[in-house]
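Summary of structural features
Below are the chains, spelled out letter by letter.
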Amino acid sequence: MSILLKCPLKSLQTTVFSRALSSTAALSTKEWRAERGLPANRNAEGILTDGPDFTYQDGRPTPLLHKQMKRLKRQREYATKMVELCSELDFAKERFKKLEEAKEQERQQIISNRLKPKGDALTQRKRK
C-alpha cells in the first residue's frame with residue numbers, strides 16, 4: 001500500500017510529493033515460507049531450477065547449465081572445506097591427547113625418580 005502525501009512549501013511556491021512504501025507483504029511471504037520449511041527465495045531450488053531445460057529424444061544426458069555448474073562447484077568447495085576442517089579437528093584432538101599423555105608420563109617419571117628410603121627406614125617400611 002502506498003500513500004501519496006502532498007505538502008506545499010510556501011517559500012519555494014512548489015508542491016513536493018513524497019511516497020511512503022511498505023514491504024510488509026514481502027516480509028509476511030518470507031515468514032510464511034520459513035514456517036513451512038520452504039526456502040525464502042522460491043527460485044533458489046526446485047524442479048524448474050534443478051531440472052534440465054530440454055531433453056534429447058535419443059536419451060542422451062543434457063549438458064548442465066551455467067548456474068547448475070556454479071552450484072555444483074560451490075557445493076564441492078563446501079564439501080572439501082568441511083572435510084579439511086574435520087581432519088584439522090581430529091588432528092587437534094589427537095595432539096591434545098598425546099600432550100596430556102606425555103604430561104602424565106613425565107609426572108609418573110618424576111614420581112618414580114624421587115628419593116627412596118634406604119637403610120633402617122627401608123627395613124622398617126618393609127616390616128609394616
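Residues numbered from 1 in each chain as written. Predicted model: local features only at pLDDT ≥ 70, side-chain atom pairs only at ≥ 80, totals over all residues. Heavy atoms only, no water.

Let us now look at the overall build of the protein chain. Along the protein chain, the regular secondary structure elements total four helices and two strands. Ordering the α and β elements of the protein chain from the N terminus gives β-β-α-α-α-α. Relative to its 128 residues, the protein chain shows a buried fraction of 2%. Within the protein chain, counting contacts between residues at least 6 apart in sequence, those at least 24 apart form 2% of the total. If you sum the accessible surface of the protein chain, you get close to 12700 Å²; carbon and sulfur atoms cover 57% of it. (Helix = DSSP H or I, 4+ residues; strand = E, 2+ residues; numbered from the N terminus. Buried < 20%, exposed > 50% of the residue type's maximum accessible area, 1.4 Å probe, protein only. Contact = heavy atoms within 4.5 Å. Areas by Shrake-Rupley, 256 points an atom, 1.4 Å probe, with all protein chains shown as cover.)

Moving on: the pattern of salt bridges. Using the criterion set out here, one finds three salt bridges in the structure. For Arg 36, the salt bridge goes to Glu 35, with nearest N and O atoms at 3.5 Å. Accessibility expressed as a relative area gives 47% for Arg 36, which makes it partly exposed. Measuring nitrogen to oxygen at the nearest pair gives 3.5 Å for the salt bridge that ties Glu 104 to Arg 107. With a gap of three residues between them, Glu 104 and Arg 107 both fall in helix α3 (residues 66-112), about one helical turn apart. You can call Arg 107 partly exposed: its relative accessible area is 47%. (Salt bridge = Lys/Arg side-chain N within 4 Å of Asp/Glu carboxyl O.)

Keep in mind these values describe shape, not function.
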